[in-house]
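One letter stands for each residue in the lines below.
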Amino acid sequence: MKFIGIVGTNAKKSYNRMLLQFMQKHFANKAEIEILELKDVPMFNESKDQSDSPIIQEFNQKIAASDGVIIATPEHNHSIPAALKSIIEWLSFNLHPLDGKAVMIVGASYNIQGSSRAQLHLRQILDAPGVNASVMPGSEFLLGKAQDAFDDKGNLKAQRTIDFLDSCFAKFMKFSDIIAQMNIPEDITYEPGTFKVTAVGHNGDLPMEVTLSDDRIEKIDIDTSSETQGIADVAFKRIPQQIIDGQTLNVDVVSGASITSRGVVDGVAKAVKMAGANPDILKKRKKSNGPNKQNVVEYQTDVVVVGAGGAGLTAAARTIQQGKKAIVLEKFPAIGGNTVRAGGPMNAADPEWQNKFEEITGERHTLKEISEIDEKTIDAEYLADFKALKKQINEYLKENEDQKAYLFDSKLLHRIQTYLGGKRTDLKGNKIYGQYDLVKELTDHALESVKWLEDIGVKFDKSQVTMPVGALWRRGHKPLGSQGFAFIEALKKYLESNDGQIITDTAAKELIIEDGQVKGIIARSSDGKKIIVHAKAVVLASGGFGANTKMLKKYNTYWSNIDDNIKTTNSPAITGDGIRLGQSAGAELVGMGFSQMMPVSDPETGELFSGLQVPPQNFVMVNQKGKRFVNEYGSRDELTKAAIDNGSLFYLIADDAIKETAYNTSQAQIDKQVEQGTLYRDDTLEGLAKQVGMDPATFVKTINDYNSYVDVGEDPEFHKSAFDLKVEKAPFYATPRKPAVHHTMGGLKIDTDAHVINQDEKIIPGLYAAGEVAGGIHAGNRLGGNSLSDIFTFGRIAANNALKDME
Amino acid sequence: MKLVGIVGTNSSESTNRRLLQYMKQHYSEQAEIEICEIDEIPVFNEPEDKTAPQAVQVLSDKIAASDGVIFATPEYDHSIPAVLKNAIEWLSYTTRPLINKPVMIIGASLGALGTSRAQAHLRQILEAPELKALIMPNVEYLLGRALEAFDDDGNMVYKDKAKELDNDFIEFLSFVKLTEKLTANSKFFEISKQFSWKQVANGEDM
């Protein structure tokens, strides 16, 4: 993490400066704090704009690039010093770097008050609309009698004070993380064109023309010829400028001309709507940070990576590990892509570890079923492996014939399940299954990826083997800490402490190709800068196209229908950028028609972790009539197809004991959702059925039947293959679910070295792809938990070969 | 009666300046109001020698020679402008002419709120021990939508606001007279002149 510390005074001697210097030193292993001084900041004057001066720009750019700001303020005359107020005024006039930025306030003073009143004023000031900082509430750090507080080395003397500062700072680290997540903007695309709308003038409506390209507001022309001169002129000039500079509709209205200011904003909003986009997304964006003076920025590196999700950060980290330079471009302000949205467990067969756990009901049956598959149905490349696996399974079953067994696994089982899970036929009769060499590469090296992540700093929970939805087997390595974010956090930390560079808010637009060799990327930052990165290799790791409904519909050959308003579990950044970049270099695409739906998504948001999301052995799925309709342990698309056939909307049923097994929730969250009506709870099954609108008798029978199947370990209706808990202990819950787009299996064709392959089956020199952007591995359906194995394995492979090819 | 009116901004266009000019002209029979600008005052940086720069000394002398001070403040980011705070910091750090000086706070803004939050801050600031101004209580003159408040001759268009200012100004004149009695033989005055936070903390005096 990188913070900016501002010394709130320009005085030569300052205890606030000492406090920041102490924090810089004391927290060096947690975060980098760069201290900025006010000495050269001119007095704010709205008539003499100096927003472009080097000193103001230094504050502007450093604050904008930081994860948060710490302001150390003295108290002068019961308020903050003029010098501090002056920089805040500069940074809320034409520039707005503090908008939405996490801010921590500390202060030191001679007397016992410790700048208490100045801190309160500063809070109010930072809350003003032009500043709009996100000031951390509570944790008021006041250092009174500062002249006695430090020793000769500039360290705070009192342990209690240090302890309190530690707790304030720890809270701020968390706070700035949360604020960063709040600032993630949604992507927007327009139907390009010039749209005629109107602006509001003093003498009636004025004609206005708004020109939009596919991703930018390019021009706003207002015909003011019928308008009288006045303050409104400023609005007609300044508001369009702010809108274009910041690509935002969150602009400061011009004081005294608020009606005309809002008129311009409303007019542009209307044009945005006419271009098929939602103007609310632009209204939620940050304020403009002023026009960017430096229009082209160039970088030189060894490997440039597109996309700062798990695959991209892995490729960059692996590059740096081998002593080379890497730059990661991320079009969003926050990194993590879809990886931060992952549930957490990553598949890797690790029998040594898994064997320490007992089998659970149904697993033996699954193995038996696999071993009984007719060899004629197995595709030739996989046959030898299938036979070898069959032998393993038979030995295991024989060994444990009369006893409770341990949990079985092997690379072969992982490989065959990935193959079988991905085998599909689309609506046109095209058959698809995972490309053998790629699936072998993945399953052979997945465990190495776990080990590698541990070296990078990811800690795994060794106490349980989990199975995410649709994984088919318990082989999930779950990180400690918060879900997919744990991976990103560790990788980010590794890159930051090893000179890796991540450039956010910057979308890759073009590949630089010279004599058939890919030599870098041309990108555009969200504030309009052109970024050119010259590199020896380009790794595309920008994910699939799950958040691009148009592209999904264009390629879809698998689902009978994809709704225009289908929800997705993906980050809105996942729009197929890397696939388009690859195509521009002649890349071949594979399996593009196959996409995966997450059957158990929130019907309103597409989110995965709302309601009660439990391990599948505890799932009981019922349709809107209150009947079970599918083997809940089935693959994702079996569940999805069944759900679509049953009217899409269905319910996950849980009792009080099953509730305890839910992922990523808490009693408080559950109570809140019940209150909001997004989760149903009742003391009786009958009551629950009535709440959701099912026939109570049908529903009670369904549950009683299910419980009896759990007792005998056999489900004659849908052949659910693993059970754990019965539904018996009140209160009972029903979580509404609907399928949402989750993963796109198709993408760029790659070889086992992650080279991107062109339409003539040749390697495109200098171009590599890793993760969801590439196709061929998961084919028609990806197993749950395999995407994390994929990104961390092929992310490493891409970097390894990029460096190898350079030699 | 002699009053000093301080324009709380360095902006070349200022409705607060216009408001003071209106008062100067409109109340010329009751008082002489001298309008003072603060744009020439350098940036305050706690110099060790504690000497007032020329521009500060000039302002300070005018305040010292006056019977009262009117602050006309805009509102920047929910508080007073840095440039006004800067002038006040110089005065409090060097000559301290505001101690026991009667003060009236007014403010004009382009928006509707008329500097309500800046005025509240200014009150708290002027009550600091190094300043100790006597701020007129119970009066808060907020002029919103100030850009349209004056006609071409500088007269106030809003009749209700003009009347309110008449009343407030009369009250201020009597407040000035009242404070003369209050501070005639105040012992506090000299002590306040010497006050510094550093001294308090070191237990050196007071």
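Residues numbered from 1 in each chain as written. Chains lettered and ligands numbered in written order. Predicted model: local features only at pLDDT ≥ 70, side-chain atom pairs only at ≥ 80, totals over all residues. Heavy atoms only, no water.

- As named in an unreviewed UniProt entry, chain B is Fumarate reductase (Quinol), taken from Companilactobacillus kimchii.

- The name recorded for chain A in an unreviewed UniProt entry is Urocanate reductase, from Companilactobacillus kimchii.
- Taken directly from UniProt, the Sequence similarities (unreviewed entry) text for chain A runs: "Belongs to the FAD-dependent oxidoreductase 2 family. FRD/SDH subfamily."
- Here is the UniProt Catalytic activity (unreviewed entry) comment for chain A, exactly as written: "dihydrourocanate + A = urocanate + AH2". (UniProt positions renumbered as here; feature names shortened; annotations may be inferred.)

### What to know about the overall build of chain B
Then step 1. Looking only at helices and strands, chain B has seven helices and six strands in total.
Then step 2. Listing every helix and strand of chain B by position from the N terminus yields β-α-β-α-β-α-β-α-β-β-α-α-α.
Then step 3. Per-residue burial over chain B gives 52% buried out of 206 residues.
Then step 4. Contacts in chain B between residues far apart in sequence, at least 24 positions, make up 78% of those at least 6 positions apart. (Helix = DSSP H or I, 4+ residues; strand = E, 2+ residues; numbered from the N terminus. Buried < 20%, exposed > 50% of the residue type's maximum accessible area, 1.4 Å probe, protein only. Contact = heavy atoms within 4.5 Å.)

### Concerning the nonpolar core
Residue and element names in this part refer to chain A.
Then step 1. In this structure, Ile521, Val538, Leu540 and Leu767 are the most contacted members of the largest nonpolar core, which totals 112 residues.
Then step 2. The biggest single contributor to this core is helix α14 (residues 436-456), with ten residues.
Then step 3. Formed by 40 residues, the second largest nonpolar core is a distinct cluster that contains Val630, Ala654, Ile658 and Tyr706. (Core = buried A, V, L, I, M, F, W, Y, C linked by side-chain atoms within 4.5 Å.)

### Notes on the interface of chain B and chain A
Then step 1. With 36 residues of chain B at the contact, the number on the chain A side is 35 residues.
Then step 2. Taking both sides of the interface into account, the surface hidden between chain B and chain A amounts to around 2900 Å²; carbon and sulfur atoms contribute 53%.
Then step 3. Applying the counting rule to chain B against chain A returns zero salt bridges.
Then step 4. Remark: the boundary between chain B and chain A carries 20 residue pairs in polar contact (both at pLDDT 80 or more).
Then step 5. Breaking the side of chain B that touches chain A down by element, the ones donating at least two residues are α3 (82-93), α4 (116-126) and α7 (197-202) of chain B.
Then step 6. Per element, the largest residue contribution to the side of chain B that touches chain A is seven residues, and it comes from α3(B).
Then step 7. Here the residues of the side of chain B that touches chain A sort into 16 nonpolar, eleven polar and nine charged. (Buried area = accessible area lost by both parts, 1.4 Å probe. Salt bridge = Lys/Arg side-chain N within 4 Å of Asp/Glu carboxyl O. Polar contact = N/O pair within 3.5 Å; in protein donor to acceptor, adjacent residues only side chain to side chain. Nonpolar A, V, L, I, M, F, W, Y, C, P; charged D, E, K, R; others polar.)

### Brief notes about the pattern of salt bridges
All names here are of chain A.
Then step 1. For the structure shown, the criterion picks out 44 salt bridges over all chains.
Then step 2. The partner of Asp215 in a salt bridge is Arg524, with the nearest N and O atoms 3.8 Å apart. Taken together, the positions of Asp215 in the loop between β8 (204-212) and β9 (217-222) and Arg524 in strand β20 (residues 517-525) put the pair 309 residues apart, joining distant regions of the chain.
Then step 3. Overall, Asp215 belongs to the partly exposed group, its relative accessible area being 22%.
Then step 4. Connected via shared salt-bridge partners are Lys2, Glu32, Glu34, Glu58 and Lys62.

### Side note on empty space enclosed by the protein
Residue and element names in this part refer to chain A.
Then step 1. Per the stated rule, a full pass over the model turns up one cavity of 30 Å³ or more.
Then step 2. The space that makes up the largest cavity amounts to roughly 30 Å³.
Then step 3. Along its surface, the largest cavity is lined by Leu612, Val614, Asn618, Phe619, Val620, Leu652, Ile653, Ala654 and Thr735.
Then step 4. Split into classes, the residues belonging to the lining of the largest cavity amount to seven nonpolar, two polar and no charged. (1 Å grid on protein atoms, 1.4 Å probe; cavity = no way out; pocket = protein on both sides within 12 Å on 5 of 7 lines; lining within 4 Å. Points joined across faces, edges and corners; volume = space filled by probe spheres on them.)

### Description of unusual backbone geometry
All names here are of chain A.
Then step 1. Here the amide bond leading from Ala730 into Pro731 is cis, since omega sits at 0 degrees, within 30 degrees of zero.
Then step 2. By the secondary structure assignment, Pro731 is in the loop between α22 (696-712) and β28 (732-744).
Then step 3. For Asn77, which is not glycine, the phi dihedral falls at a positive 55 degrees.
Then step 4. Take Asn77: it is sitting in the loop between β3 (68-72) and α3 (82-90).
Then step 5. For Asn77, a relative accessible area of 2% translates into the label buried.

### Describing the packing of α3(A) against α3(B)
Then step 1. Here α3(A) crosses α3(B) at 170 degrees, and the two axes come no closer than 8 Å. It follows that α3(A) is roughly antiparallel to α3(B) by the angle criterion. Contacts from A:Ala82, A:Lys85, A:Ser86 and A:Glu89 in α3(A) reach B:Ala82, B:Lys85, B:Asn86 and B:Glu89 in α3(B).
Then step 2. Looking at side-chain class alone, the contact of α3(A) with α3(B) contains two nonpolar, two polar and four charged residues. (Axes fitted to C-alpha atoms, helices over the stretch in contact; angles between N-to-C directions. Parallel < 35°, antiparallel > 145°, perpendicular 65-115°, else oblique.)

### Observations regarding helix α5 (residues 159-182) of chain A
Then step 1. Between the first and last C-alpha of α5(A) there are 35 Å, a value that for 24 residues agrees with the 34 Å anticipated at 1.5 Å per step.
Then step 2. Every buried residue of α5(A) is listed here: A:Ile162, A:Leu165, A:Cys168, A:Phe169, A:Phe172, A:Met173, A:Phe175, A:Ser176 and A:Ile179. (Expected span 1.5 Å × (residues − 1).)

### A closer look at the packing of aromatic side chains
Then step 1. Counted under the stated rule, the structure contains 30 aromatic pairs over all chains.
Then step 2. Ring centres of A:Trp353 and A:Phe357 lie 5.8 Å apart, and the angle between their planes is 80 degrees; this geometry places the pair in the edge-to-face category. Summarising the burial analysis for this pair, A:Trp353 and A:Phe357 share the class buried.
Then step 3. Their ring planes at 75 degrees and their centres at 5.2 Å tell us that A:Tyr396 and A:Tyr406 sit as a pair that is edge-to-face. Taken together, the positions of A:Tyr396 in helix α12 (residues 380-399) and A:Tyr406 in the loop between α12 and α13 (411-422) put the pair ten residues apart, joining distant regions of the chain.
Then step 4. In this structure, A:Lys462 is placed above the aromatic ring of A:Trp353, and the distance from its NZ or CZ to the ring centre is 5.9 Å.
Then step 5. Residue placement shows B:Lys50 over the ring face of B:Tyr93; its charged tip is 4.8 Å from the ring centre. (Phe/Tyr/Trp six-rings, centres within 6.5 Å; stacked < 30°, edge-to-face > 60°. Lys NZ or Arg CZ within 6 Å of the ring centre and 35° of its normal.)

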